[in-house]
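An overview of the molecular structure
Residues per chain are reported as follows:
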Amino acid sequence: MISQPSPNFNDRTAGEIKYLILHYTGMATGEVALQRLCDERSKVSAHYLIEEDGRIFTLVPEAARAWHAGVASWEEDHDINGLSLGIELVNPGHDTPGYKGDYRLFPEAQMAALVTLCKEILSRHKIAPWHILGHSDVAPDRKSDPGELFDWQFLASQAIGFWPDRATEMSVTTSVKIKLFQQGLADYGYGIDITGQPDPQTQAVMQAFQRHFRPADIRGIADPECHSILENLLEKRRNY
Ligand SMILES: [Zn+2]
(Lines give C-alpha, C1' and ligand atoms only; values in the text may rest on other atoms or scores of the structure.)
Protein backbone atom coordinates (compact mmCIF):
# COMPACT_ATOMS: atom_id res chain seq x y z
CA MET A 1 0.00 0.00 0.00
CA ILE A 2 1.20 3.48 -0.86
CA SER A 3 0.55 6.28 1.61
CA GLN A 4 -0.88 9.43 -0.01
CA PRO A 5 -2.49 11.37 2.85
CA SER A 6 -5.53 13.53 2.12
CA PRO A 7 -6.47 16.46 4.40
CA ASN A 8 -10.16 15.89 3.63
CA PHE A 9 -11.65 14.10 6.63
CA ASN A 10 -13.12 14.67 10.05
CA ASP A 11 -14.03 12.69 13.16
CA ARG A 12 -16.52 9.87 13.06
CA THR A 13 -19.48 10.64 15.32
CA ALA A 14 -22.28 8.66 13.65
CA GLY A 15 -21.27 5.24 14.99
CA GLU A 16 -19.41 2.10 14.03
CA ILE A 17 -18.38 1.43 10.45
CA LYS A 18 -21.11 -0.69 8.83
CA TYR A 19 -21.01 0.17 5.13
CA LEU A 20 -18.47 -0.28 2.36
CA ILE A 21 -19.06 2.06 -0.58
CA LEU A 22 -17.40 1.52 -3.96
CA HIS A 23 -16.79 4.30 -6.48
CA TYR A 24 -15.07 4.98 -9.72
CA THR A 25 -12.93 8.10 -9.96
CA GLY A 26 -14.55 9.41 -13.14
CA MET A 27 -11.43 11.31 -14.16
CA ALA A 28 -9.00 10.94 -17.07
CA THR A 29 -6.20 9.31 -15.03
CA GLY A 30 -5.48 7.97 -11.57
CA GLU A 31 -2.90 10.71 -10.98
CA VAL A 32 -5.42 13.46 -11.60
CA ALA A 33 -7.93 11.73 -9.33
CA LEU A 34 -5.35 11.35 -6.55
CA GLN A 35 -4.49 15.04 -6.83
CA ARG A 36 -8.12 16.02 -6.49
CA LEU A 37 -8.77 13.66 -3.57
CA CYS A 38 -5.76 15.14 -1.76
CA ASP A 39 -6.51 18.79 -2.54
CA GLU A 40 -8.14 20.47 0.43
CA ARG A 41 -10.10 22.80 -1.85
CA SER A 42 -11.93 19.85 -3.43
CA LYS A 43 -13.57 18.76 -0.13
CA VAL A 44 -13.63 15.17 -1.36
CA SER A 45 -11.66 12.10 -0.37
CA ALA A 46 -11.87 8.36 0.16
CA HIS A 47 -10.08 5.91 2.41
CA TYR A 48 -8.48 4.05 -0.48
CA LEU A 49 -7.83 4.43 -4.19
CA ILE A 50 -6.97 1.48 -6.41
CA GLU A 51 -5.15 2.03 -9.70
CA GLU A 52 -5.93 -0.02 -12.79
CA ASP A 53 -2.60 -1.85 -12.30
CA GLY A 54 -3.63 -2.88 -8.78
CA ARG A 55 -1.59 -0.39 -6.73
CA ILE A 56 -3.49 0.59 -3.59
CA PHE A 57 -3.17 4.10 -2.15
CA THR A 58 -4.22 4.90 1.43
CA LEU A 59 -5.59 8.43 1.73
CA VAL A 60 -7.59 8.65 4.95
CA PRO A 61 -7.25 6.42 8.05
CA GLU A 62 -10.18 4.06 8.54
CA ALA A 63 -10.85 5.61 11.94
CA ALA A 64 -11.62 8.96 10.29
CA ARG A 65 -14.67 10.05 8.30
CA ALA A 66 -13.72 10.51 4.65
CA TRP A 67 -15.85 12.56 2.25
CA HIS A 68 -16.91 10.30 -0.62
CA ALA A 69 -20.65 9.65 -0.48
CA GLY A 70 -22.15 13.15 -0.23
CA VAL A 71 -25.93 13.32 0.11
CA ALA A 72 -26.81 9.65 0.38
CA SER A 73 -28.97 7.16 2.23
CA TRP A 74 -29.49 3.46 2.93
CA GLU A 75 -32.14 2.03 5.23
CA GLU A 76 -32.60 4.67 7.94
CA ASP A 77 -29.07 6.02 7.63
CA HIS A 78 -28.27 9.38 6.08
CA ASP A 79 -24.74 10.06 7.29
CA ILE A 80 -23.26 7.42 5.01
CA ASN A 81 -19.78 9.00 5.19
CA GLY A 82 -19.92 8.74 8.97
CA LEU A 83 -20.76 5.03 8.85
CA SER A 84 -18.70 3.80 5.92
CA LEU A 85 -15.38 3.18 4.29
CA GLY A 86 -14.98 4.48 0.75
CA ILE A 87 -12.89 2.93 -2.01
CA GLU A 88 -12.21 4.73 -5.29
CA LEU A 89 -11.42 2.60 -8.34
CA VAL A 90 -9.57 4.38 -11.10
CA ASN A 91 -11.81 4.41 -14.19
CA PRO A 92 -12.60 7.40 -16.41
CA GLY A 93 -16.32 6.69 -16.03
CA HIS A 94 -19.43 7.50 -18.06
CA ASP A 95 -19.95 10.60 -20.14
CA THR A 96 -21.61 13.34 -18.15
CA PRO A 97 -22.64 16.84 -19.24
CA GLY A 98 -19.40 18.70 -19.94
CA TYR A 99 -17.20 15.63 -19.54
CA LYS A 100 -16.29 12.99 -22.08
CA GLY A 101 -15.81 9.76 -20.15
CA ASP A 102 -14.12 6.60 -21.31
CA TYR A 103 -16.03 4.06 -19.23
CA ARG A 104 -14.36 0.69 -19.44
CA LEU A 105 -13.96 -2.67 -17.75
CA PHE A 106 -12.15 -2.77 -14.43
CA PRO A 107 -8.93 -4.75 -15.14
CA GLU A 108 -8.16 -8.05 -13.45
CA ALA A 109 -5.23 -6.59 -11.44
CA GLN A 110 -7.48 -3.87 -10.08
CA MET A 111 -10.23 -6.33 -9.16
CA ALA A 112 -7.73 -8.68 -7.49
CA ALA A 113 -6.37 -5.82 -5.39
CA LEU A 114 -9.92 -4.81 -4.49
CA VAL A 115 -10.75 -8.34 -3.33
CA THR A 116 -7.65 -8.44 -1.12
CA LEU A 117 -8.46 -5.04 0.38
CA CYS A 118 -12.15 -5.88 0.93
CA LYS A 119 -11.25 -9.12 2.68
CA GLU A 120 -8.95 -7.24 5.05
CA ILE A 121 -11.65 -4.65 5.70
CA LEU A 122 -14.28 -7.33 6.35
CA SER A 123 -11.96 -9.01 8.85
CA ARG A 124 -11.67 -5.71 10.75
CA HIS A 125 -15.29 -4.48 10.59
CA LYS A 126 -18.73 -6.02 10.83
CA ILE A 127 -20.21 -5.17 7.44
CA ALA A 128 -23.26 -7.09 6.19
CA PRO A 129 -23.31 -8.24 2.53
CA TRP A 130 -26.24 -5.90 1.77
CA HIS A 131 -24.17 -3.02 3.12
CA ILE A 132 -21.50 -3.47 0.44
CA LEU A 133 -22.78 -0.99 -2.10
CA GLY A 134 -22.03 1.24 -5.03
CA HIS A 135 -22.21 5.00 -4.82
CA SER A 136 -25.23 4.81 -7.14
CA ASP A 137 -27.03 2.53 -4.67
CA VAL A 138 -26.86 5.16 -1.94
CA ALA A 139 -27.31 8.20 -4.23
CA PRO A 140 -29.34 6.92 -7.21
CA ASP A 141 -30.60 10.34 -8.27
CA ARG A 142 -27.08 11.77 -8.63
CA LYS A 143 -24.58 8.98 -9.21
CA SER A 144 -23.98 6.04 -11.53
CA ASP A 145 -20.68 4.71 -10.20
CA PRO A 146 -19.09 2.19 -10.17
CA GLY A 147 -21.65 1.29 -12.85
CA GLU A 148 -22.80 -1.62 -14.97
CA LEU A 149 -19.28 -2.69 -16.04
CA PHE A 150 -18.26 -3.30 -12.44
CA ASP A 151 -18.21 -7.03 -11.70
CA TRP A 152 -20.33 -7.38 -8.56
CA GLN A 153 -20.84 -11.05 -9.41
CA PHE A 154 -17.10 -11.74 -9.19
CA LEU A 155 -16.96 -9.88 -5.90
CA ALA A 156 -19.84 -11.96 -4.52
CA SER A 157 -18.04 -15.13 -5.65
CA GLN A 158 -15.27 -14.04 -3.27
CA ALA A 159 -17.79 -13.72 -0.41
CA ILE A 160 -17.98 -9.93 -0.76
CA GLY A 161 -21.58 -8.75 -1.08
CA PHE A 162 -24.68 -10.45 -2.46
CA TRP A 163 -25.43 -11.63 -5.97
CA PRO A 164 -28.78 -13.15 -6.94
CA ASP A 165 -28.94 -16.93 -7.52
CA ARG A 166 -29.09 -17.92 -11.17
CA ALA A 167 -31.83 -20.38 -10.36
CA THR A 168 -34.05 -17.44 -9.50
CA GLU A 169 -37.46 -18.21 -10.92
CA MET A 170 -39.20 -15.67 -13.02
CA SER A 171 -42.32 -14.43 -11.32
CA VAL A 172 -45.50 -15.50 -13.09
CA THR A 173 -46.99 -12.10 -13.49
CA THR A 174 -45.87 -10.13 -16.50
CA SER A 175 -47.01 -6.81 -15.14
CA VAL A 176 -45.03 -5.76 -12.12
CA LYS A 177 -46.96 -3.94 -9.44
CA ILE A 178 -45.04 -0.75 -9.00
CA LYS A 179 -46.04 -0.22 -5.37
CA LEU A 180 -44.87 -3.69 -4.34
CA PHE A 181 -41.65 -3.14 -6.21
CA GLN A 182 -41.04 0.17 -4.46
CA GLN A 183 -41.74 -1.46 -1.11
CA GLY A 184 -39.27 -4.26 -1.89
CA LEU A 185 -36.56 -1.80 -2.90
CA ALA A 186 -37.15 0.15 0.31
CA ASP A 187 -37.04 -3.06 2.36
CA TYR A 188 -33.68 -3.90 0.81
CA GLY A 189 -32.37 -0.47 1.82
CA TYR A 190 -32.82 1.90 -1.12
CA GLY A 191 -33.99 5.42 -0.38
CA ILE A 192 -37.29 5.44 -2.27
CA ASP A 193 -40.73 6.91 -1.62
CA ILE A 194 -43.65 4.49 -1.98
CA THR A 195 -45.79 6.41 -4.44
CA GLY A 196 -47.30 3.66 -6.56
CA GLN A 197 -46.19 5.67 -9.59
CA PRO A 198 -43.38 5.03 -12.08
CA ASP A 199 -41.97 8.46 -11.25
CA PRO A 200 -38.42 9.78 -11.87
CA GLN A 201 -37.14 8.77 -8.40
CA THR A 202 -38.37 5.21 -9.00
CA GLN A 203 -36.66 5.06 -12.37
CA ALA A 204 -33.41 6.34 -10.82
CA VAL A 205 -33.51 3.73 -8.05
CA MET A 206 -34.48 0.98 -10.54
CA GLN A 207 -31.52 1.95 -12.66
CA ALA A 208 -29.15 1.87 -9.67
CA PHE A 209 -30.55 -1.55 -8.74
CA GLN A 210 -29.98 -2.79 -12.30
CA ARG A 211 -26.43 -1.41 -12.53
CA HIS A 212 -25.67 -3.49 -9.44
CA PHE A 213 -27.71 -6.65 -9.85
CA ARG A 214 -28.88 -6.94 -13.50
CA PRO A 215 -26.38 -5.00 -15.61
CA ALA A 216 -27.54 -6.46 -18.95
CA ASP A 217 -30.44 -4.00 -19.09
CA ILE A 218 -30.17 -0.77 -17.16
CA ARG A 219 -33.01 1.21 -18.71
CA GLY A 220 -34.68 1.54 -15.33
CA ILE A 221 -37.83 -0.32 -16.30
CA ALA A 222 -39.39 -2.52 -13.61
CA ASP A 223 -39.62 -5.93 -15.28
CA PRO A 224 -40.39 -9.44 -13.96
CA GLU A 225 -36.73 -10.50 -13.95
CA CYS A 226 -35.80 -7.58 -11.70
CA HIS A 227 -38.73 -8.40 -9.48
CA SER A 228 -37.58 -11.98 -9.00
CA ILE A 229 -33.99 -10.85 -8.40
CA LEU A 230 -35.20 -8.42 -5.77
CA GLU A 231 -37.26 -11.12 -4.06
CA ASN A 232 -34.25 -13.42 -4.09
CA LEU A 233 -32.04 -10.74 -2.50
CA LEU A 234 -34.63 -9.99 0.17
CA GLU A 235 -34.78 -13.69 0.97
CA LYS A 236 -30.98 -13.87 1.20
CA ARG A 237 -31.04 -10.91 3.53
CA ARG A 238 -33.71 -12.48 5.75
CA ASN A 239 -31.83 -15.78 5.90
CA TYR A 240 -28.37 -14.36 6.48
ZN1 LIG B 1 -18.63 8.02 -6.30
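Note: the structure precedes this text.
Described below are features of the structure shown in this document. Everything numeric here is computed off the predicted structure, so don't read it as measured data.

What counts as what
- Residues numbered from 1 in each chain as written.
- Predicted model: local features only at pLDDT ≥ 70, side-chain atom pairs only at ≥ 80, totals over all residues.
- Heavy atoms only, no water.
- Helix = DSSP H or I, 4+ residues; strand = E, 2+ residues; numbered from the N terminus.
- Rg over C-alpha atoms; globule rule 2.2 N^0.38 Å.
- Contact = heavy atoms within 4.5 Å.
- Areas by Shrake-Rupley, 256 points an atom, 1.4 Å probe, with all protein chains shown as cover.
- Lys, Arg positive; Asp, Glu negative; His and termini not counted.
- Charge placed at Lys NZ, Arg CZ, Asp CG, Glu CD.
- Pairing = 2+ DSSP bridges.
- Core = buried A, V, L, I, M, F, W, Y, C linked by side-chain atoms within 4.5 Å.
- Buried < 20%, exposed > 50% of the residue type's maximum accessible area, 1.4 Å probe, protein only.
- Domains from an automatic or database assignment.
- Expected span 1.5 Å × (residues − 1).

Re the overall build of the protein
Helices and strands together make up the secondary structure of the protein, namely 8 helices and 8 strands. Here the C-alpha atoms of the protein give a radius of gyration of 17 Å, agreeing with the 18 Å that 2.2 N^0.38 yields for 240 residues. For the protein, the proportion of contacts with a sequence separation of at least 24, taken over those separated by at least 6, is 68%. When the accessible surface of the protein is totalled, it reaches about 11400 Å², and 52% of it is carbon and sulfur. Taking the average place of the 23 positive charges on the side chains of the protein and the average place of its 33 negative ones, the gap between the two points comes to 1 Å.

Brief notes about the sheet that holds strand β4 (residues 48-50)
Here we have 6 strands laid out as an open sheet, ordered β1-β5-β4-β7-β3-β8, and mixed in their pairing. Edge positions in the sheet fall to β1 (2-3) and β8 (132-134), since each has one partner strand and no second. Where strand β3 (residues 19-24) meets β8, 3 bridges bridge the pair, whose relative direction is parallel. Note that in β8 the partner of Ile-21 across the bridge is Leu-133.

Considerations on the nonpolar core
Counting residues in each nonpolar core, the largest one holds 54 residues, and the members touching the most others are Ile-87, Leu-114 and Tyr-188. Per-element tally for this core: the top contributor is helix α3 (residues 108-124), with 7 residues. Counting the residues that make up this core, at least three belong to each of domain 1 (2-157) and domain 2 (178-239). Beyond its immediate stretch of four places on either side in the chain, Tyr-188 contacts Trp-74, Glu-75, Trp-130, Phe-162, Phe-213, Leu-230, Leu-233, Leu-234 and Arg-237. Counting 11 residues, the second largest nonpolar core, distinct from the first, contains Met-27, Leu-37, Leu-49 and Ala-66.

Here's the deal with helix α7 (residues 200-213)
Taking 1.5 Å per residue as the helical rise, α7 with its 14 residues ought to reach 20 Å, and the 20 Å between its terminal C-alpha atoms agrees with that figure. Judged by how many residues are buried, α7 sits mostly within the fold: 10 of 14 residues are covered. By the burial criterion, the buried members of α7 are Thr-202, Ala-204, Val-205, Met-206, Ala-208, Phe-209, Gln-210, Arg-211, His-212 and Phe-213. Summarising the contacts, the buried residues of α7 are in contact with β8, α4 (135-138), α5 (152-157), α6 (178-188) and α8 (224-239).

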